[in-house]
Amino acid sequence: MEATTSAAIVALNKRFLLDYPHIAAQRIEAMPPDEAAEALRAHDANTLVPVMPRLSPEVAAQLLANFEQATVARLLTELSPGDAARILASLEESGRKNYLGWLEESAAREIRRALEYPADSAGHLMETRIAQFRGSATVGETLARLRKVRAKTTRSLFIVDEDNRLSGRASIQDIALAAPETRLDELARPVAAAVSALAPTEEVVEVLERSKLADLPVIDIDGRLLGIIYHATLLQVVQEDATADIQTMVGASKDERALSPTLFAVRKRLPWMQINLLTAFLAASVVGLFESTIAQFTALAVLLPVVAGQAGNAGAQALAVTMRGLALREIGLRHWFRVTRKEVQTGLINGLAIALTCGIGVFAWSGSLGLVVVIAMSMVLAMVAAGFAGALVPIMLTRLGQDPAQSSSIILTTVTDVAGFFSFLGIATLLAGML
């Protein structure tokens, strides 16, 4: 009978964790860590995944310390890289390394990447070992927790909602003077300013100087609190100009400046110019394969840049969206299939729409139904290939440990040119009887 009752309780708890993760997170945070861990050990990782991101990082980290190695590894693997990194960021470096050592290399690499920020970014400057507080917590509970965790703080405590999104701040002075039963959300004030983890150092300095703040919260793309930048930290930082990725995307070095010496600029740019020349010859060789077809139907030479140009634009759009997703940690390497599928579908739909418009224009110009069929089919194929390449190239470069901004556009240009030329001229050759 006892075993049946216990199984029923576990089943009810599982349903509660899966259906009401927000409420479950609040209940877990109110429990002693060892008691909460004991209640959760009966559940597998899939049941705990919805709850873990909604816990404050310090509580989630305490729970990990009470789970079996296999459970921890499964949890960190199933969580998004950003959520896993946010939990591990609340630990000492040795603790992070220990947990990451339990994971497969691919999963560990993605989490490490989410933990790392550029040297000139807000994420690099922030203090991650902070205490987060719910608005529903009372002053008495908050003071007791502060004494227990001894978290580093200054004049304010930052308050988060049920999804750990930053919702307000409460002054330490107001908390100290309030009655013990007062809720934090009664003392909360709006957050004057916050910065993204990838914001450059100079933006952080400007915000702190403009807002006259002693500390500045750092948030991710979803508004979740990642850490705090303290004013004293900025006094130790040498400000440098932010390096824009736009330089590396076209083969210019991050080290080059507008007034750099000419020979320095040549030395940094010339290797990529040579690579670009080789890829241009590759695209030209595709055109050479169909020299007889072009000689027979001269109208193809007029329309050839249209297909390649549209494919290039489609690929550039897919590349920009994918690189932004990688830069902001919206996606990881494990999302390659979803991202690629989305861009292929987008390329297909856009290709069909552009093919229709282009076909009408070509028919009005040439009066050839065969030429309309050729350019319409090739337009769709070229834009699908461009979307595929625009999504996959930066992800593959990241997987190989390369900077995706450094050479993505050069590789993409080659792919879109070759795809555009080959599809247009290849279909024209196959359908020569209709031209």
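Notes on the structure follow.

This part covers the overall build of the chain. For the chain, the count of helices and strands is 22 helices and six strands. Among the 435 residues that make up the chain, the fraction classed as buried is 44%. In the chain, of all internal contacts separated by at least 6 residues, the share reaching a separation of at least 24 is 69%. With an accessible surface of roughly 22,600 Å², the chain has 59% of that area assigned to carbon and sulfur atoms.

To continue, consider the nonpolar core. Counting residues in hydrophobic clusters, the biggest one holds 35 residues, and the most contacted among them are Ile28, Met52, Leu55, Leu63, Leu64, Phe67 and Leu76. Where this core is concerned, the elements lending two or more residues are α2 (21-30), α3 (33-40), α4 (45-48), α5 (57-64), α6 (69-78), α7 (81-88), α8 (93-100) and α9 (105-115). With sequence-adjacent residues up to four places away left out, Met52 is seen in contact with Ala60, Leu63, Leu64, Leu75, Leu79 and Ile87. Among the nonpolar cores identified, the runner-up in size contains 30 residues, and Val286, Val362, Val372 and Val380 belong to it.

Turning our eyes to something else, we now look at the layout of surface pockets. The space that makes up the largest pocket amounts to roughly 1,000 Å³. Residue lining of the largest pocket: 46 residues in total, with Ala85, Ala114, Leu115, Glu116 and Tyr117 positioned closest to the centre. For the lining of the largest pocket, the elements supplying multiple residues, two or more each, are α7, α8, α9 and α10 (122-125). Counting residues per element, the lining of the largest pocket draws most heavily on α9, at six residues. Of the residues in the lining of the largest pocket, the class split is 18 nonpolar, 10 polar and 18 charged.

The subject of this paragraph is the pattern of salt bridges. Counted by the stated rule, this structure contains 17 salt bridges. Across the pair Arg15 and Asp19 runs a salt bridge, and its minimum N-O distance is 3.1 Å. Within this pair, Arg15 and its partner Asp19 are both found in helix α1 (residues 2-19), separated by four residues, close to a single helical turn. On the basis of relative accessible area, Arg15 is assigned to the partly exposed category, the value being 46%.

So, about the environment of Phe424. You can see Phe424 is positioned in helix α22 (residues 404-430). Residue Phe424 is classed as buried on the basis of its relative accessible area of 0%. Sequence-wise, Phe424 and Ala376 are 48 residues apart; in three dimensions their C-alpha atoms are separated by 9.0 Å. Those residues in contact with Phe424 that lie beyond four places of it in its chain are Leu300, Leu303, Leu304, Val307, Val374, Ile375 and Ser378.

Let us look at the packing of aromatic side chains. Applying the stated criterion across every chain yields a total of four aromatic pairs. Each ring, one from Tyr99 and one from Trp102, has its centre 5.3 Å from the other, and the planes form 80°; the classification is edge-to-face. Residue class for Tyr99 comes out buried when judged on its relative accessible area of 9%. Owing to a relative accessible area of 28%, Trp102 belongs among the partly exposed residues under this scheme. With a centroid separation of 5.8 Å and 80° between ring planes, the pair formed by Trp336 and Phe337 is classed as edge-to-face. Taking the relative accessible area as the measure of exposure, Phe337 reaches 48% and is therefore partly exposed. Above the plane of the ring of Phe133 lies Arg145, whose end atom (NZ or CZ) is 4.6 Å from the centre.

Moving on, we get to the sheet that holds strand β2 (residues 156-160). Spatially, three strands are ordered β1-β2-β3 in an open sheet, and the strand pairing comes out mixed. The sheet terminates laterally at β1 (133-134) and β3 (166-171), the two strands that pair on one side only. Summarising the sheet, β1 and β2 pair through two bridges and their orientation is parallel. Bridge pairing in β2 links Arg134 to Val160.

A few words on the pairing of strand β5 (residues 215-219). Taking burial as the measure, the five residues of β5 include five buried ones, the bulk of the element. Of the two faces of β5, the one carrying Asp215, Pro217 and Ile219 and the one carrying Leu216 and Val218 are both buried. Here strand β4 (residues 195-196) pairs with β5 via two bridges, running parallel. When the bridges of β5 are listed, Ser196 appears paired with Ile219. Relative to strand β6 (residues 225-230), β5 is paired through five bridges, and the arrangement is antiparallel. Counted as the bridge partner of Pro217 is Ile228 from β6. Joining the antiparallel neighbours β5 and β6 is a turn of five residues, in which Gly223 adopts a positive phi near 85°.

Once that is clear, we can look at the sheet that holds β6. Across a sheet, paired strands are connected by hydrogen bonds in the backbone, their directions being either parallel or antiparallel. Spatially, the three strands line up as an open sheet ordered β4-β5-β6, and their pairing is mixed. Bordering the open sheet on either side are β4 and β6, each of which pairs with just one other strand.

How each quantity is defined
- Residues numbered from 1 in each chain as written.
- Predicted model: local features only at pLDDT ≥ 70, side-chain atom pairs only at ≥ 80, totals over all residues.
- Heavy atoms only, no water.
- Helix = DSSP H or I, 4+ residues; strand = E, 2+ residues; numbered from the N terminus.
- Buried < 20%, exposed > 50% of the residue type's maximum accessible area, 1.4 Å probe, protein only.
- Contact = heavy atoms within 4.5 Å.
- Areas by Shrake-Rupley, 256 points an atom, 1.4 Å probe, with all protein chains shown as cover.
- Core = buried A, V, L, I, M, F, W, Y, C linked by side-chain atoms within 4.5 Å.
- 1 Å grid on protein atoms, 1.4 Å probe; cavity = no way out; pocket = protein on both sides within 12 Å on 5 of 7 lines; lining within 4 Å.
- Points joined across faces, edges and corners; volume = space filled by probe spheres on them.
- Nonpolar A, V, L, I, M, F, W, Y, C, P; charged D, E, K, R; others polar.
- Salt bridge = Lys/Arg side-chain N within 4 Å of Asp/Glu carboxyl O.
- Phe/Tyr/Trp six-rings, centres within 6.5 Å; stacked < 30°, edge-to-face > 60°.
- Lys NZ or Arg CZ within 6 Å of the ring centre and 35° of its normal.
- Pairing = 2+ DSSP bridges.

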